[in-house]
Amino acid sequence: MRDPYSMALCATIFTLFLLGIATSVQAKVTVTSTSTAVTIANDRVTFAYRKATGDLYNVALDGTNLLGTYTKTDGRGYLVCYCVIDQPKGYWTVGGDPITTTYDSITGTDSAGIQFGGVVISQTIFTNQTFQHFHFLRDGETGIHSFVRLRFQNDTLENAGQIGEFRFLFRPGSGNLWTHLSTNSKTYAPLPLSTTIANEIEVQDATWYIGNATADPYVQSFSEYFTKYQFSADYGTNLARGLYSDGTKTNGTAYGAWLVLNTKDTYFGGPTRSDLAVDGSIYNKYSTTHYGGRTPKQYQGWERTWGPQFLYFNSGKGKSLSELRNDAEKLAFPEWNARFYDDIARYVPGYFPTSSRGNITGTISLQNPSVLNVLSGDLTWVVLSQNGVRFPDNVGDSKARQYFIKAKVATDGLTATFNITRVVAGTYRLTVYSLGIFGEYVQDSIVVTAGGSKSLSVKWVAESHGQELWRIGQPDFSSGEFRNGYELDLSKSLHPEKYRNYWGAWDFPTDFPNSVNYTVGKSDWSRDWNYIHWAMFGPSYTRKTASFGVNKWKIHFNLAHQPDPSSNFTLTIQLAGAKGSVISSNSTDGKGTYIGTNNTNIAIAVSINNSTAPSFVWGIDAGFSSSCGVRSQVSCYTLRQLFAFSGKVLVVGWNWIELALPYGETSYVQYDALRLESNV
């Protein structure tokens, strides 16, 4: 049975045809449909879709082929979903069955008098899940505006399971012109040469050693390893990711292919969400489990529309990578082309036009500032997301949207302002967090009305449990400030951040032969605290056997006075990510002390001046596990825990706190920041 929205779309297109809107003999934008393909084109760019597969199989800018040779796997753009139950392949490629797939053509003129064309690819499969992929091209533009919709309606099936991965890939094939890949202005590199790839050595999933190709520009400038994870991106700061051709294959004309993130409100996970961005292919991930990402479950009537995003192509004689990337990034703001999206909203069920949106402005004032508690001018984020839940978990409501922006902070760090535009009317949670401040400000039930402008006055009392004695790291939802994190690899000419490399390149037993022994007031966390705390290190490509005895880290700190027996201390541990392994009933800290539980496979044993038994055990549920550091990231699914204890366990002079992971297991954690406070 065909989705009723698809039938309504056909009726709308037919009505416009009768009115004469879709018929122009000298149209600058054409949509041509044959028995085998649908092609959208204007004077400069062409996009062609195969009806047998649903693939984007031809993209040409000014006559230059941008996809390379088409095959069943490469030289194409395609939409794939790991979200179909009882599917032997484990995934569904949208449009892969021509019998159940329809192609609706659209032509018209928008309210600015600019011609546009489009094609809607629709498919309803055996589970009665409906997939739709919307593509629109305007005259004078060299890119496709795209939306994606998924709907589940089946009276005989309770649910269609989780949406594990839902993504569009622009995947060039052999003979393509691309020479470089780019995540942002900080992370980019030449692509490895084909001769290098032919001799690569696999070291883990989607990760290869290519260091033997010492003359390869990629090896010289970026890394001895290549992995799709190295060029991942966070959704808070990423504006455009893509591919670049330096002109060596095209007579000096440079080309760029970019996914422009002009809107982000239909993604999940907030600004800290990270995911694959580019690796030779360009990724648009609508839903993902990478890096601990939460994914929605498709219950009866579940429906969501993602987008728009803009797949943009540009060029110029002698243009540099940065010039073409900057050109793409200029389009990455939600007001860009909003009027056009209003015009085509009639074709896209689930897209909310301007008339359904409002704005929210506000001021933030920190009520208890101190030397360490001030708003960061570089990293104070304001987030609107699903009401009642943390923004990393905002997948429970298919209609919920998310918005985030960096606040403008006053020079004194005590106040800030924010303005979030184009917010879909609804009820939201407001979250504020800032570099250097533990915890968050959270306020639920923020109502935004269509056409309205809401003003908020946020009075943030930063979390405090007394006098701060010391901290390790800066709370920012990241372990990047620690050794091998944001630290630059100066051995490479592009100076990439070290965490982006394959984790085995930074041999922990070599860097920390006695594990981590951190002395407050003497140690430097950028040098003496690693970005990953391993329960067991390796094996890796260069270390053929695992290294044990790395699971325990110690913090040493000095107290000038004996704590009052009635005093209380609070240890805060914030994690930027945690990765579990199967823990059995004999999992210990290496001395026979059991620190796992039957309901968890990640555990941190916290011992305070006590070598015989842990003072606390933080058991982390397996559902919060995220492959973070081993997949070249420092910010994944964040967690935090507070441990309160009596001053009786501390002494005047030197004290220590030990953090132990299960001995011999493959689990690890990545600390965001730690802090010790006293209430006296």
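Residues numbered from 1 in each chain as written. Predicted model: local features only at pLDDT ≥ 70, side-chain atom pairs only at ≥ 80, totals over all residues. Heavy atoms only, no water.

(A) The arrangement of the overall build of the protein in detail. Within the protein, the secondary structure is distributed over seven helices and 43 strands. Taken along its principal axes, the extent of the C-alpha atoms in the protein is 90 × 60 × 55 Å. Residues counted as buried form 58% of the 680 residues belonging to the protein. Across the protein, every contact between residues at least 6 apart in sequence was considered, and the portion connecting residues at least 24 apart equals 70%. About 26000 Å² of surface is accessible on the protein, with carbon and sulfur atoms providing 52% of the total. Charge separation in the protein, taken as the distance between the mean sites of 56 positive and 55 negative side-chain charges, equals 2 Å. (Helix = DSSP H or I, 4+ residues; strand = E, 2+ residues; numbered from the N terminus. Buried < 20%, exposed > 50% of the residue type's maximum accessible area, 1.4 Å probe, protein only. Contact = heavy atoms within 4.5 Å. Areas by Shrake-Rupley, 256 points an atom, 1.4 Å probe, with all protein chains shown as cover. Lys, Arg positive; Asp, Glu negative; His and termini not counted. Charge placed at Lys NZ, Arg CZ, Asp CG, Glu CD.)

(B) Up close: the sheet that holds strand 18 (residues 225-227). In space, the three strands of this open sheet follow the order 16-17-18, with antiparallel pairing throughout. At either end of the open sheet lies a strand with only one pairing partner, and these are strand 16 (201-204) and strand 18. For this sheet, the mean angle separating the axes of adjacent strands, direction not counted, is 30°. In this sheet, strand 18 lies alongside strand 17 (residues 207-209) in antiparallel orientation, the contact comprising three bridges. Note that in strand 18 the partner of T207 across the bridge is T227. (Pairing = 2+ DSSP bridges. Axes fitted to C-alpha atoms, helices over the stretch in contact; angles between N-to-C directions.)

(C) How the structure looks around the state of the cysteines. Throughout the structure, instances matching the rule amount to two disulfides. The disulfide partner of C81 is C83, and the gap between their sulfur atoms is 2.0 Å. Looking down the S-S bond of the C81 and C83 bridge, the torsion is 130°, so its handedness is right-handed. The burial state of C81 is the same as that of C83; both residues are buried. Here C628 is linked by a disulfide to C636, with a sulfur-sulfur distance of 2.2 Å. Taking the torsion about the sulfur-sulfur bond, which here is approximately 90°, the covalent link between C628 and C636 counts as right-handed. Like C636, C628 is buried. When the bonded cysteines of the protein are counted from the start of the sequence, the pairing works out to 1-2, 3-4. (Disulfide = S-S within 2.5 Å.)

(D) Structural detail: the packing of aromatic side chains. Applying the stated criterion across every chain, the model contains 55 aromatic pairs. Ring geometry for W381 and F404: centres 6.1 Å apart, planes at 70°, overall edge-to-face. Within this pair, whereas W381 is found in strand 27 (residues 380-386), its partner F404 is found in strand 28 (residues 403-406), the two being separated by 23 residues in sequence. Residue W381 is classed as buried on the basis of its relative accessible area of 6%. On the accessibility criterion, F404 (15% relative accessible area) is buried. Linked through ring pairs, Y209, Y225, Y502, W503, W534, F537, Y541 and Y668 together constitute an aromatic cluster. Above the face of the Y235 ring, R241 is positioned so that its terminal group lies 5.5 Å from the ring centre. Sitting over the ring of W656, K554 keeps its end group 4.1 Å from the ring centre. (Phe/Tyr/Trp six-rings, centres within 6.5 Å; stacked < 30°, edge-to-face > 60°. Lys NZ or Arg CZ within 6 Å of the ring centre and 35° of its normal.)

(E) Main features of helix 4 (residues 321-329). When helix 4 is considered as a whole, its buried residues turn out to be L321, L324, R325 and A328. With its buried residues spanning 100° around the axis, helix 4 presents them on a single face. Residues of helix 4 that are buried in the fold lie against strand 14 (180-182), strand 15 (188-190), strand 20 (240-245), strand 21 (253-260) and strand 25 (303-317). (Arc of directions from axis to C-beta.)

(F) Expanded view of the pattern of salt bridges. Under the counting rule described, the total for this entry stands at 26 salt bridges. Across the salt bridge formed by K285 and E165, the nearest N and O atoms sit 3.0 Å from each other. With K285 in strand 23 (residues 282-287) and E165 in the loop between strand 12 (159-162) and strand 13 (166-171), this residue pair connects regions lying 120 residues apart in the sequence. Of the charged contacts in the structure, one is a salt bridge between D265 and R357, with a shortest N-O distance of 3.3 Å. Placement of the pair is D265 in the loop between strand 21 and strand 22 (274-275) and R357 in strand 26 (residues 357-366), with a sequence separation of 92 residues. (Salt bridge = Lys/Arg side-chain N within 4 Å of Asp/Glu carboxyl O.)

(G) Quick peek at the environment of V31. Looking at the secondary structure, you find V31 in strand 1 (residues 30-33). Between the C-alpha atoms of V31 and G485, which are 454 residues apart in sequence, the distance is 49 Å. Excluding its chain neighbours within four sequence positions, the residues that come into contact with V31 are V38, T39, I40, S105, I106, T107, G117 and G118.

(H) Representation of the sheet that holds strand 32 (residues 441-448) in the model. The four strands are arranged 28-27-31-32 in an open sheet whose pairing can be described as antiparallel. Edge positions in the open sheet fall to strand 28 and strand 32, since each of these has one partner strand only. Averaged over all neighbouring strand pairs, the angle between strand axes comes to 20°, with direction disregarded. Where strand 27 meets strand 28, four bridges bridge the pair, whose relative direction is antiparallel. The residue of strand 28 that forms the bridge with V382 is I405.

Just geometry here; none of it tells us what the structure is for.
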